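Residue-level structure breakdown
Residue strings, one per chain:
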Amino acid sequence: MKKRNRVMTCLVAGVLVLAVSATAAFGSVNGYSRYKEAVKALALEEENFSAVGTMEMTMDGETVWTMGAEMALDGAENSSRIYMNQGDYEELEVDATVDGQNIWFYGDEDTYHTMPADPDEGPYNLLDYDPGDEYSNRLITFFEVACDTVVGELKNNFVQIGTENGVDLYQVDIAQAQVPSLVNAGLSLFAYGVTEDTSNTWYTSYEDLEATRFHYYETQTGETLPQEFKDAYSGGWTDEWYQENQALVDKFDAVCYGDEGSYWGEVYDQVLDENGGGVVYVYADGSYDYYPNQSAFIEAHPEQSMDNLEAYIGEDLSLENIHCTFGVDADGRLTQNHIAVTFLTTGPDGNLHEVVISGEVELFDYGTTTVTLPDVGDRTEVKMGEPTAESVEVEEW
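Residues numbered from 1 in each chain as written. Predicted model: local features only at pLDDT ≥ 70, side-chain atom pairs only at ≥ 80, totals over all residues. Heavy atoms only, no water.

1. A word on the sheet that holds strand β10 (residues 278–282)
Paired through their backbone hydrogen bonds, the strands of a sheet run either parallel or antiparallel. Spatially, the three strands line up as an open sheet ordered β9-β10-β11, and their pairing is mixed. This sheet does not close on itself; its edge strands, each paired only once, are β9 (202–206) and β11 (288–291). This sheet shows a mean twist of 15° between the axes of neighbouring strands, independent of strand direction. Two elements, β9 and β10, share five bridges in a ladder whose sense is parallel. From the neighbouring strand, Tyr 206 faces β10, where its bridge partner is Val 282. Strand contacts of helix α8 (residues 266–275): β9, β10 and β11, with the helix running at about 145° to β9, the strand carrying the most contacts. (Pairing = 2+ DSSP bridges. Helix = DSSP H or I, 4+ residues; strand = E, 2+ residues; numbered from the N terminus. Axes fitted to C-alpha atoms, helices over the stretch in contact; angles between N-to-C directions. Contact = heavy atoms within 4.5 Å.)

2. Some remarks on the confidence of the model for the protein chain
Mean pLDDT over the protein chain: 81, with 81% of residues reaching 70 or higher. Across residues 387–397, confidence stays below pLDDT 50; counting only partners more than four residues off in sequence or on other chains, it has 19 contacts. (pLDDT = per-residue confidence, 0-100.)

3. A short note on the nonpolar core
Side chains of a nonpolar character, in soluble globular proteins, are inclined to be buried together. Counting residues in each nonpolar core, the largest one holds 34 residues, and the members touching the most others are Phe 49, Leu 319, Phe 326, Leu 334, Phe 343 and Leu 363. At the level of elements, α2 (29–44), β1 (48–59), β2 (62–74), β8 (167–174), α4 (181–198), β12 (316–328), β13 (334–346) and β14 (352–364) are the ones that each hand at least two residues to this core. Ranked by residue count, the leading element in this core is β12, at six residues. Not counting the four nearest positions on each side in its chain, Leu 363 is found in contact with Leu 42, Phe 49, Ser 50, Ala 51, Leu 334, Thr 335 and Gln 336. Counting 20 residues, the second largest nonpolar core, distinct from the first, contains Tyr 217, Ala 232, Trp 241 and Trp 264. (Core = buried A, V, L, I, M, F, W, Y, C linked by side-chain atoms within 4.5 Å. Buried < 20%, exposed > 50% of the residue type's maximum accessible area, 1.4 Å probe, protein only.)

4. Here's the deal with the packing of helix α6 (residues 227–235) against helix α7 (residues 239–256)
Two numbers describe how α6 lies on α7: the axes approach to 11 Å, and their chain directions differ by 90°. Overall, the two elements α6 and α7 adopt an arrangement that is roughly perpendicular. Listed contacts from α7 to Glu 228, Phe 229, Ala 232 and Tyr 233 of α6 are Trp 241, Leu 248, Val 249, Phe 252 and Asp 253. Grouping the constituent residues of the contact of α6 with α7 by class yields seven nonpolar, no polar and two charged. (Parallel < 35°, antiparallel > 145°, perpendicular 65-115°, else oblique. Nonpolar A, V, L, I, M, F, W, Y, C, P; charged D, E, K, R; others polar.)

5. Focus on the sheet that holds strand β3 (residues 77–86)
If you trace the twelve strands from one edge of the open sheet to the other, you get β7-β8-β12-β13-β14-β1-β2-β3-β4-β5-β6-β15, paired in mixed fashion. The sheet is open, and its two edges are formed by β7 (159–164) and β15 (380–383), each paired on a single side. For this sheet the average axis-to-axis angle between neighbouring strands, irrespective of direction, equals 15°. Here four bridges tie strand β6 (residues 111–116) to β15, and the two strands are oriented parallel to one another. The partner of Tyr 112 across the bridge, within β15, is Glu 381.

6. Here we look at the packing of aromatic side chains
Evaluated as defined, the whole model comprises 19 aromatic pairs. On the basis of an interplanar angle of 65° and a centroid distance of 4.7 Å, the ring pair of Tyr 233 and Phe 252 is categorised as edge-to-face. Taken as a pair, Tyr 233 in helix α6 and Phe 252 in helix α7 lie far apart in primary sequence, 19 residues in all. You'll find Tyr 233 and Phe 252 in the same group, each marked buried. (Phe/Tyr/Trp six-rings, centres within 6.5 Å; stacked < 30°, edge-to-face > 60°.)

As structure tokens, then:
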């Protein structure tokens, strides 16, 4: 159904942990504590708030991608609107759960999907943190100790720049020479490991995987699949729908996933086998382009860079500087945060490149947020049912 960008999630988490650690290294005990506790409360405790944020990545001054998000959380009800721009490529995803219904749509579609929301007894915080989960508690303790360890003996460089409307504002600027050696050693190790992986690139990327699979079936059989079948097969179906369409589902599976382990995408695997690796990019009509490595693939398809951020890491990586500002209100809640992290990376050409990842967020309406249904415009509704065992099995392909 919906997919979370795990690369992006890990990136944001890493930048936040790094920023907290580095900021802590130059802050007073009070400043560090306020920031850390505010971030923890936001991620693990707050069940009602609204937020608006943006992120951007540049390389040598040129924008690689930008993205923005709006979200609202009120217990079991929540909504999010996430957009991303990469050159001429734009993407929008809207998702909400209100009154027991889940609704979502994408910017390039003329339909929106609805289905009953899964029964959920909480917790309802940002990271779905359960205080009774021992593994989660130990993981949080580990990250706290890791941040505190990086602090070392560095103190007293934290600057409070003012107070506005009851919110204390802070600022930290950290130069490369002040970055703890442990951080840069870890980044260098990370870059080397990524380089080892990307030098042996071997995968297939799809413009639209489902469209390619449907096109394969129609080409092989000479039949045109009904749009209603495509929508249900891709997004999940009810038992009643499956009973009515079982014959076509079985035929579709037989054509796309034949005997003896053969399947519809086998030709793309053969291309990779013949070339000893690389990247195959498959278009919706089944045609494809081959690229010998990930760098060549990203250069030709910058819209894919968000899913392949490792291509920008290079053979070595070091933290050049951090600029961070944030605000904490009288109740210890984070109200705003801006972070800009600058890295220097050594590319395959042997030259240094500057990569900057920056982001800012505003948080508001703590305790008073009400979630509303998104505006679907003139899109038409596609009702989805609970996925059956058969549909789950298909999705695993």
